[in-house]
Amino acid sequence: MTGDKRAGGGGSDRGGRGRGGRRRGPPGGGRRDDPRPRGRREDADAWLSSGADRRIATVAAAPAVEGEVAKRFADLGLSAASLAAVEQAGYTTPTPVQAGFIPRALTGSDVMGQARTGTGKTAAFVLPILEAMSRPGRGTGPRAIVLVPTRELAVQVRDEFEKLAAGTKIHCVAVYGGKPIRGQIDKLARHPAVVVGTPGRVLDHLSRGTISLADVEIVTLDEADRMLDIGFRPDIEKIFRRCPDSRQTLLLSATVPPPVARLASRYMRDPEILDFSTRDIAVETIEQYYFTVDPTRKFDLLDKLLEREQPRQAIVFCRTKRGTDKVFEKLARRRGGDESAVACIHGDLAQNVRDRVMRQFREGSVRVLVATDVVGRGIDVSGVSHIVNYDVPEFCDDYVHRVGRTGRMGREGVAYTFVAPDEGPQLTRIEMRIEKLLERDEIPGFQAFDRRAAPSPVVQVPTAYGTPPTRPTPAPAAAAQPVPAAAEPPRPAAPPAATRLGKGRGAKRFRRAL
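Just so it is clear, the structure is predicted and the values come from calculations on it, not from any experiment.

Moving on to the sheet that holds strand 11 (residues 368-371). The sheet built from seven strands is open, its strands ordered 10-11-9-12-13-8-14 with parallel pairing. The open sheet terminates on both sides in strands that have one partner only, identified here as strand 10 (342-345) and strand 14 (439-440). With seven bridges joining them, strand 8 (residues 286-292) and strand 13 (residues 413-419) adopt parallel strand pairing. Of the residues in strand 13, the one forming a bridge with threonine 292 is valine 419. Contacts between helix 15 (residues 396-403) and the sheet are confined to strand 8, strand 9 (314-317), strand 12 (386-389) and strand 13, with strand 12 contributing the most and set at about 155° to the helix.

Here is the structure:
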């Protein structure tokens, strides 16, 4: 991004920071106009410093993986068939996550890897599983199961298995909600070696008896922190208890909060802990900016921003499903009804619609995708160049994963966040989480705030018939002369209550009540 693009434009600044300025000082400092103290971001050690289990603390406080990493996939101990599949898939050099995770997973040990989004975690556990599946098994049931938080991620992981298993007889089936279960039962009856699914649908198949975990050799949890965030912990524990104790467990997560650490402590045997995260949580290749904007002007700002940036592909994140639909409909109307250029996705859509949208987005036929956080985790679309946070995310980690949809595998990207005047504290927490100050951006000539005059004050006009109605004060005429009001006729007095009720008694309905 060039510097002259950030110039110009008026409008107030959230937090009192100058345009594009970076304030020096500790990341935990408060804003100039916010006297409330701001604590530092807690790390895993601080979370567990209150007397938690020593083994959990060891898991959460794993040292970062440093030193020389393999430069070639051939140095990782993979078979010739796997190396041929890697070459056919277009992978040339292993990422640090792959170089550190794959050799340890090939030994059969339990491994937990922590790495930020967009670092190649999927291939890091797919290749060791395929190596294990190439050896003869001991039964007819699935030999490996991969648990993921969302349907879209299940489809993506299955596609990665199919890509890297090309030329072999290893089959993978994805099971998740929103699809007819009959088709999944038919596929499971063909005895696939690998099952990828969401915890809820896996439990559904277990209750029906259409899947057995007695022969499982490897259990993998992908995006473990997200699965626990959305309440899958009981389901995951039920699945673990149905698997053999001799299994190998692989766990990958972008963050290691205490719930993930406790889960690893309980269901993993002396795991090797690999921390591939760096000090900078946010990816260095992603430029991050924010706009201060009135909520009523958000869509106009989005339209102007897309017109200015002309993104190759962009994801617009909204907080709610209803808001996602509204933004999508407005964008489609603004583009003359061309729905091929813009699409939306959220949890209320039918699964076949969600699959079609994601397929079109991966193919590049959809340029702008309006979405909830359903695509904020694990979804890998290499063409995404821009991220727009139309609504500030509720949790700081959601911001990290939203922004991580661009800048994948070292590519460059840019992220924008729309911040209302009263959302300064939320933005402060995000900056503390990523330990980086977002730069303020403006579009020259765009009014970020509604400049319309306030409505006229409301006054009461007295009348002779009880409670006066409210009317706005009319604008005074230039040469208007006061007109005397016409005299109101006297209002007839109401008859006495005894006359209305008859013979001095109460109404029949009241007498019955008495």
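With that settled, the discussion passes to helix 10 (residues 233-242). The set of residues buried in helix 10 consists of Asp235, Ile236, Glu237, Ile239 and Phe240. Where helix 10 is buried, its residues contact strand 2 (144-147), helix 8 (199-208), strand 5 (218-222), helix 9 (224-229), strand 6 (248-253) and helix 11 (258-267).

Moving on, we come to the packing of aromatic side chains. Applying the stated criterion across every chain, the model contains five aromatic pairs. Measuring from centroid to centroid gives 5.9 Å for phenylalanine 291 and phenylalanine 418, while their planes differ by 85°, and the two rings are edge-to-face. Within this pair, whereas phenylalanine 291 is found in strand 8, its partner phenylalanine 418 is found in strand 13, the two being separated by 127 residues in sequence. In this structure an aromatic cluster arises from ring pairing among Tyr289, Phe291, Tyr390, Tyr416 and Phe418. Over the ring of tyrosine 390 we find lysine 298, and its NZ or CZ is 5.5 Å from the ring centre. A cation over an aromatic ring shows up here: lysine 330 above the ring of phenylalanine 299, its NZ or CZ 5.5 Å from the ring centre.

Here aspartate 270, not a glycine, exhibits a phi torsion of approximately 40°, which is positive. Among the structural elements, aspartate 270 can be located in the loop between helix 11 and strand 7 (272-275). Positive phi is not limited to glycine here, since glutamine 310 has a value of about 50°. Relative to the helices and strands, glutamine 310 resides in the loop between helix 12 (298-309) and strand 9.

With that out of the way, let us pick up the pattern of salt bridges. The tally for this structure, following the rule as stated, stands at 20 salt bridges. For arginine 402, the salt bridge identified is with aspartate 373, shortest N-O distance 2.8 Å. Taken together, the residues span a long stretch of sequence, with arginine 402 in helix 15 and aspartate 373 in the loop between strand 11 and strand 12 at a distance of 29 residues. Accessibility classification places arginine 402 together with aspartate 373 in one group, the buried group. A single salt-bridge network, built from bridges that share partners, covers Arg297, Asp300, Asp303 and Arg334.

Turning next to the sheet that holds strand 1 (residues 111-114). Reading across the sheet, the seven strands line up as 3-4-2-5-6-1-7 and stay open at both edges, with parallel pairing between neighbours. Among the strands making up the open sheet, the edge pair consists of strand 3 (172-175) and strand 7. In this sheet, adjacent strand axes meet at a mean angle of 15° when their direction is disregarded. Here strand 1 pairs with strand 6 via four bridges, running parallel. Residue pairing in the sheet places glycine 113 in a bridge with leucine 252 of strand 6.

Once that is clear, we can look at the packing of helix 6 (residues 151-164) against helix 14 (residues 351-363). Two numbers describe how helix 6 lies on helix 14: the axes approach to 11 Å, and their chain directions differ by 55°. As summarised for this structure, helix 6 and helix 14 are arranged oblique, according to the angle between their axes. Here helix 6 runs over helix 14; the crossing is right-handed. Contacts from Arg151, Glu152, Val155 and Gln156 of helix 6 reach helix 14 at Gln351, Arg354, Asp355, Met358 and Arg362.

Per-residue confidence for the chain gives a mean pLDDT of 77, with 69% of residues at or over 70. Confidence over residues 1-67 falls short of pLDDT 50; this stretch has 117 contacts with residues more than four positions distant or in other chains. Predicted confidence is poor over residues 510-514, with pLDDT under 50, and the contacts of this stretch with residues over four places away or in other chains come to one contact.

What counts, and at which threshold
Each chain carries its own residue numbering, running from 1 in the direction its sequence is written. Confidence filtering applies because this is a predicted model: local features only for residues at pLDDT of at least 70, side-chain atom pairs given and counted only at 80 or more, and all residues used for totals across whole chains, interfaces and linings. Heavy atoms throughout the structure, all of them, feed into the side-chain values; hydrogens and water do not. Pairing between two strands requires that DSSP report at least two bridges joining them. Only runs of H or I of at least four residues qualify as helices and only runs of E of at least two qualify as strands under DSSP, and these elements are numbered from the N terminus. Any pair of residues with heavy atoms lying within 4.5 Å of one another is described as a contacting pair. Geometry is summarised by axes, namely lines fitted to C-alpha atoms with helices restricted to the contacting stretch, and by angles between N-to-C directions that run from 0 to 180 degrees. Exposure is judged per residue with a 1.4 Å probe applied to protein chains only, and the accessible area is read against the type maximum: over 50% gives exposed, under 20% gives buried, and values in between give partly exposed. Classification of ring pairs rests on two measures: the distance between centres of Phe, Tyr or Trp rings, Trp counted by its six-membered ring, which must be within 6.5 Å, and the angle between planes, read as stacked under 30 degrees, edge-to-face over 60 and tilted in between. Remark: a charge is flagged as sitting over a ring if the NZ atom of Lys or the CZ atom of Arg is within 6 Å of the ring centre and within 35 degrees of the ring normal. Only one rule defines a salt bridge in this text: a Lys or Arg side-chain nitrogen within 4 Å of an Asp or Glu carboxyl oxygen. When an angle is under 35 degrees it counts as roughly parallel; over 145 it counts as roughly antiparallel; between 65 and 115 it counts as roughly perpendicular; any other value is oblique. For any helix crossing, the convention is left-handed if the near helix is rotated counterclockwise from the far helix by under a right angle, and right-handed if that rotation is clockwise. The predictor attaches a confidence to each residue, called pLDDT, with possible values from 0 through 100.

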